[in-house]
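# Structure at a glance
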Amino acid sequence: MAKTAYIANGSDMVYNASTQAGVALSTALSTTQTGYTLYNPINSGFNLIIQMITVMPTTAPGAASTILLTANTNATAAAPSSVTALTVRNAKLGAGANAVGLAYSACTLPVAPQVVAALGGVNATGSTTPFPIQWETDGIFVVTPGSSVSVNCLTTAISAVISMNWTEVSAF
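Figured I'd write up the structure that's included with this text. Quick caveat: nothing in here was measured; it's all calculated off a predicted structure. (Residues numbered from 1 in each chain as written. Predicted model: local features only at pLDDT ≥ 70, side-chain atom pairs only at ≥ 80, totals over all residues. Heavy atoms only, no water.)

Bringing the nonpolar core into the picture now. Ranked by size, the top nonpolar core spans 30 residues in total, and within it Tyr36, Val55, Ile67, Val151 and Met164 carry the most contacts. Mapped by element, the contributors of at least two residues to this core are β1 (14–18), β3 (32–39), β4 (46–57), β5 (65–72), β9 (114–122), β12 (148–153) and β13 (159–170). Not counting residues within four places of it along the chain, the set of residues in contact with Val55 comprises Ile67, Leu119, Phe131, Pro132, Ile133, Val151, Ala160, Val161 and Ile162. (Core = buried A, V, L, I, M, F, W, Y, C linked by side-chain atoms within 4.5 Å. Buried < 20%, exposed > 50% of the residue type's maximum accessible area, 1.4 Å probe, protein only. Helix = DSSP H or I, 4+ residues; strand = E, 2+ residues; numbered from the N terminus. Contact = heavy atoms within 4.5 Å.)

Structure follows, in structure tokens:
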């Protein structure tokens, strides 16, 4: 559990979205994204502070696969298009969502993303049961209005269940 997931002042600004089954991750830093993308609309007025990323592989790749966090930071570019939305939930389960962050299992980005972090890797076919990649980011990545982050594979595709937790704070 992320250290900052619970905010003592009772804030309801912590959110989560997860794929509901294994989804194929995009490769080669393409504008056509599958897997997971978190987008912060340009006029949201909030920054999305990533608290935790979890990737649980559901297939073994044909070769070793590197899983990456990528970013699209051109705040003047168009919003992602051709989206398949994921359900965003308040981390205070049962509370209303009302999040500004939008999560997608598929979308088209306006420009190709850039690698910002390596999350981990998966061995080739025939490997033992994979284990989850879980990263408590301690808030080091902030998705500003008009930006997005995605989970990608560098070269060899895998399928995985992916979730991300984030806190929304005023951008001003």
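A word on empty space enclosed by the protein. Inspection of the entire model under this criterion finds one cavity of 30 Å³ or more. Lining the largest cavity, in full, are Tyr39, Asn72, Asn74, Ala77, Ala78, Pro80, Pro110, Gly146 and Ser148. (1 Å grid on protein atoms, 1.4 Å probe; cavity = no way out; pocket = protein on both sides within 12 Å on 5 of 7 lines; lining within 4 Å. Points joined across faces, edges and corners; volume = space filled by probe spheres on them.)

If you trace the backbone, Asn123 turns up in the loop between β9 and β10 (133–136). Once the C-alpha coordinates of Asn123 and Ala60 are considered, the two residues, 63 residues apart in sequence, prove to be 7.1 Å apart. Setting aside residues no more than four positions away along its own chain, Asn123 makes contact with Pro61 and Ala64.

Let us now look at the environment of Ser81. Looking at the secondary structure, you find Ser81 in strand β6 (residues 81–85). It is 7.9 Å that separates the C-alpha atoms of Ser81 and Pro110, two residues lying 29 residues apart in sequence. Ignoring any residue separated from it by four or fewer positions in sequence, one finds Ser81 in contact with Cys107 and Thr108.

Next up on the list: unusual backbone geometry. One non-glycine residue, Ala28, lies in the positive phi region at around 65°. Note that Ala28 resides in the loop between β2 (23–24) and β3. On the basis of relative accessibility, which here comes to 58%, the residue Ala28 falls in the exposed class. Its identity as a non-glycine residue notwithstanding, Ser82 has a phi of 50°, on the positive side. The residue Ser82 is located in strand β6 in this model. Residue Ser82 is classed as exposed on the basis of its relative accessible area, which comes to 61%.

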